[in-house]
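Descriptive analysis of the structure
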Amino acid sequence: MLQEVYYPKKEMFKDPAFKNMCEYHELVEEFEKDYEGTWAKFAREKITWFEDFKQTLDTSNAPFYKWFVGGKLNVAYQCIDRHLENRKNKAAIIWEGDNGEKRIITYLELYREVNRFANLLKSLGVKKGDRVVIYMPMIPEAAFAMLACARIGAIHSVVFGGFSAEALKDRILDAEAKVVITADGAFRKGSPYMLKPTVDIALEGVDIVEKVIVVERNNEDIEWVSGRDISYNDLIVNQSDECPAEIMDSEDPLFLLYTSGSTGKPKGVQHAQAGYILWAQLTMEWVFDIKDNDTYWCTADIGWITGHTYIVYGPLAAGATTLMFEGVLTYPDSGRAWKMVEEYKVNQFYTAPTAIRLLNKMGPDEPKKYDLSSLRILGTVGEPIDPPAWKWYYEVVGGGRCSIVDTWWQTETGGHMITPLPAATPVKPASATFPLPGIFAEIIDETGERMPAHEKGLLCITKPWPSMIRTIWGDPERFVKSYFSTAKKMGEPVYFSGDGAMYDEDGYIWITGRVDDVINVSGHRLGTAEIEAAIKKHPLIAEVAVVGRPDEIKGESVFAYVVLKGEDTVAEEMEIIKEINEIVKEEIGAIAKVDTVAFVPGLPKTRSGKIMRRILRAIAKGEAITQDTSTLEDPKVVEAIIEVVNSCI
Ligand code: 6R9
């Protein structure tokens with residue numbers, strides 16, 4: 001098949017990090033020849049060290065790798081203080097509220113805000129190494145809170161504001177958080193919504209949390225628990241705006257971020273200081289070609305890794321102006337995003353395929369009504385993008401001028417891994433193209449053999465990299481089992497991402513999606529095991545299996561096969577579906593909503609009692625069953641399931 005190739009428009013880039021593929025290959029080779037030396041060079045060039053590191057990479061306790069050993073730094077200093085000399089009056093954060101309200105925070109103001117917040121945390125007894133949970137809307141105080149933790153060496157764990165009280169509680173308990181930072185609520189689509197009441201429920205029966213700091217954003221009535229809850233607005237004014245940056249070791253934990261795995265509870269992915277901030281900053285320069293006068297906008301939520309690395313840490317480490325948005329891209333109409341691009345003259349716009357598909361569907365011609373000529377780079381992240389969405393993004397939003405960077409990476413990788421370089425890489429729509437220099441991403445089989453073109457294999461990273469996950473908080477065994485037990489290269493365990501991928505004849509990488517029991521709904525990672533555990537709480541349900549099903553807008557939707565304990569009627573089924581979704585909303589949050597429920601007589605199981613999920617996935621996708629079903633305990637159950645599914649679609 002002849003594939004279209006799109007070449008970067010060179011005139012769009014003045015002084016990019018990589019002008020062409022030769023420069024890319026040169027750096028790739030430099031890393032191949034001297035892996036540690038090249039990383040050390042970038043680390044010394046990009047990070048303002050308080051004390052130089054002594055060893056670049058320590059592999060003595062693999063896969064618990066250590067980077068830039070012995071180095072001393074502070075990530076908040078890297079993101080703020082070091083810019084004051086040349087950029088104190090530059091906008092660090094431009095914030096727009098749901099209702100169009102605006103706030104511009106310069107680097108000097110950010111310095112003061114973060115210092116005050118850091119002093120507030122200190123006054124509450126928060127020390128280096130303590131965990132602080134941040135459950136916040138998209139307001140500047142959320143970024144201040146993250147940076148304040150970094151400044152004093154506390155480990156933050158941001159929990160997405162859409163998670164339920166139950167999900168929040170699990171994360172607070174797992175991290176053993178001392179303080180929770182939240183807001184009364186915020187605004188969405190013109191109306192206030194609440195967060196604090198969810199924190200109150202989450203903290204019922206929890207005694208480890210000493211203080212709850214509440215930022216008053218929407219000024220709705222909330223309950224104040226005396227002795228525990230304090231008003232940020234009242235106390236912040238009395239804090240000194242000077243707070244020395246704690247001297248941190250390269251390998252001290254910077255933050256935890258919980259993400260779904262294929263089994264059990266969410267995992268607290270632990271990132272370290274130096275390696276993470278180095279890669280966050282470098283990828284801003286390489287992939288987003290960030291320049292001093294740019295306005296950069298990433299539409300993610302700070303509750304996800306994209307918000308961490310590409311709204312807060314990366315842009316600020318690079319001294320850039322980052323736009324932060326409280327609202328919804330389609331409110332008050334489907335032109336909102338483009339109106340903001342026009343208004344702030346946004347140069348880099350970074351969003352998820354699900355948002356692109358929705359914006360395309362709701363307002364295909366809307367971008368044409370605005371002046372989008374400032375745009376230079378369009379980014380996508382979170383899930384595979386389909387060629388029609390890619391082309392609309394390229395032609396209609398980017399006017400055929402802009403480079404699209406389809407960035408593949410994960411919570412665990414800290415920053416971009418496989419992506420085009422905007423001024424260099426010839427792009428094939430919907431391919432993430434090639435690994436970044438320094439990143440040894442390869443598609444291999446379990447033994448480390450490189451897969452031939454057009455054959456699906458395991459997407460692995462075969463050398464450690466600075467911004468990699470360090471461990472799963474409190475569960476090092478699970479870390480090894482989850483990431484370093486599937487594939488080996490030259491006999492050594494390598495990092496397996498959980499994704500499948502394929503090379504084409506030109507070596508381009510095509511991500512085919514998760515090969516484990518993780519599904520991707522609107523770019524959000526959900527573990528089917530977590531959803532199943534929630535649904536099982538329903539008293540009438542005997543068994544349940546959850547899989548993903550292709551969805552036009554969301555990429556995938558949640559599909560549940562449910563076996564009831566007794567007989568039922570259609571009316572009862574309708575009621576049960578409603579109840580299932582209430583439970584899921586309570587246990588996880590509305591993002592895990594079950595879109596389709598198939599009431600089936602049984603699940604396909606092997607004789608040893610294992611559910612054959614591959615069969616269930618194929619049925620949900622409407623694919624033919626290629627597996628041998630004769631080994632099933634009851635092969636007839638498959639036909640019965642297909643019949644039910646056909647009737648409920
Ligand atoms: C950054 C982020 C990670 C999973 C990952 C993969 C999917 C992310 C992608 C992509 C195809 C891309 N994914 N980017 N799939 N093309 N450009 O999303 O982190 O929430 O941890 O999700 O998302 O399946 O394994 P996270």
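Whatever comes next refers back to the structure up there.
Only a predicted model underlies this, so the values are computations on that prediction, with no experimental measurement involved. Every residue gets a number counted from 1 within its own chain, in the order that chain's sequence is written. Side-chain atom pairs in this predicted model are given and counted only at pLDDT of 80 or more, local residue features only at pLDDT of at least 70, and totals for whole chains, interfaces and linings cover all residues. Note: side-chain values were computed over all heavy atoms of the structure, leaving out hydrogens and water.

Topic: the environment of Glu326
One can find Glu326 in the loop between strand 17 (321–325) and helix 12 (336–344). Under the relative-accessibility criterion, Glu326 is labelled buried at 7%. Sequence separation of Glu326 and Met138 is 188 residues, and the distance between their C-alpha atoms is 4.7 Å. In this description, contact between two residues means that some pair of their heavy atoms is separated by no more than 4.5 Å. Apart from the residues lying within four places of it in its own chain, the contact partners of Glu326 are Trp95, Glu96, Gly97, Asp98, Met138, Ile139, Ala186, Phe187 and Arg217. As used in this structure description, the phrase polar contact means that two N or O atoms lie within 3.5 Å; if the pair is within protein, one of them must be able to donate a hydrogen and the other to accept it, and residues adjacent in sequence are counted only when both atoms belong to side chains. Looking at Glu326, its side chain comes within polar contact range of the main-chain nitrogen of Asp98, at 2.8 Å. Engagement of the side chain of Glu326 in a polar contact is seen with the backbone nitrogen of Phe187, the distance being 3.3 Å. Only DSSP runs of H or I reaching four residues or more are called helices, and only runs of E reaching two or more are called strands; each is numbered from the N terminus. Remark: exposure states derive from per-residue accessible area (1.4 Å probe, protein chains only) relative to the maximum for the residue type, with buried under 20%, exposed over 50%, and partly exposed in between.

Details of unusual backbone geometry
Residue Pro63 is reached from Ala62 by a cis peptide bond, and omega for that bond is 5 degrees. Tyr331 connects to Pro332 through a cis peptide bond whose omega is 5 degrees. Positioned with a positive phi, Asn219 is a non-glycine residue whose angle comes to about 55 degrees. With respect to the helices, strands and loops of the structure, Asn219 is situated in the loop between strand 11 (211–215) and strand 12 (229–231). Located in the positive-phi region is Ser522, a residue other than glycine, with phi close to 50 degrees. Examined against the element boundaries, Ser522 turns out to sit in the loop between strand 27 (518–521) and strand 28 (524–527).

Focus on the sheet that holds strand 14 (residues 253–259)
When DSSP finds two or more bridges between a pair of strands, those strands are recorded as paired. Across the sheet, which stays open at both edges, the eight strands sit in the order 12-11-8-6-7-14-15-23 with mixed pairing between neighbours. Among the strands making up the open sheet, the edge pair consists of strand 12 and strand 23 (471–472). Relative to strand 7 (residues 155–158), strand 6 (residues 131–135) runs parallel, the two sharing four bridges. Following the sheet pairing, Val133 is matched in strand 7 by Ser157. Between the N-to-C directions of two axes lies an angle of 0 to 180 degrees, each axis being a line fitted to C-alpha atoms and, for a helix, fitted only over the stretch in contact. Packed onto the sheet, helix 11 (residues 305–317) meets strand 7, strand 14 and strand 15 (267–272) and runs at close to 140 degrees relative to strand 14.

Things to note about the packing of aromatic side chains
In summary, the pairing rule links any two rings of Phe, Tyr or Trp, Trp by its six-membered ring, whose centres are within 6.5 Å, and it sorts them by plane angle into stacked for under 30 degrees, edge-to-face for over 60 and tilted for everything else. This structure, assessed with the given rule, holds 44 aromatic pairs. Here Tyr35 and Trp67 contribute two aromatic rings whose centre-to-centre distance is 6.2 Å and whose plane-to-plane angle is 65 degrees, an arrangement assigned as edge-to-face. With Tyr35 in helix 2 (residues 35–46) and Trp67 in strand 2 (residues 66–69), this residue pair connects regions lying 32 residues apart in the sequence. Residue Tyr35 shares its accessibility class with Trp67, and that shared class is buried. Measuring from centroid to centroid gives 5.8 Å for Phe288 and Tyr310, while their planes differ by 75 degrees, and the two rings are edge-to-face. Of this pair, Phe288 sits in the loop between helix 10 (273–286) and strand 16 (295–298) while Tyr310 sits in helix 11, placing them 22 residues apart in sequence.

Quick notes on helix 13 (residues 353–362)
Each full turn of the α-helix corresponds to 3.6 residues, which orients residues three or four apart in the same direction. Buried residues of helix 13: Pro353, Thr354, Ala355, Ile356, Arg357 and Leu359, and no others. Buried residues along helix 13 sit against helix 12, strand 18 (348–351), strand 19 (377–381), helix 14 (387–397) and strand 30 (555–564).

Comments concerning the sheet that holds strand 31 (residues 594–599)
Read from one edge to the other, the open sheet built from three strands follows the order 29-30-31, with strand pairing classed as mixed. The sheet terminates laterally at strand 29 (541–551) and strand 31, the two strands that pair on one side only. Mean inter-strand twist for the sheet, computed between neighbouring axes without regard to direction, equals 25 degrees. In this sheet, strand 31 lies alongside strand 30 in parallel orientation, the contact comprising five bridges. Within the sheet, the bridge partner assigned to Val558 lies in strand 31 and is Val594. Against the sheet, helix 17 (residues 570–587) engages strand 29, strand 30 and strand 31, with an angle of about 135 degrees to strand 31. In the packing of helix 19 (residues 636–648) onto the sheet, the strands contacted are strand 30 and strand 31, and the crossing angle to strand 31 comes to about 135 degrees.

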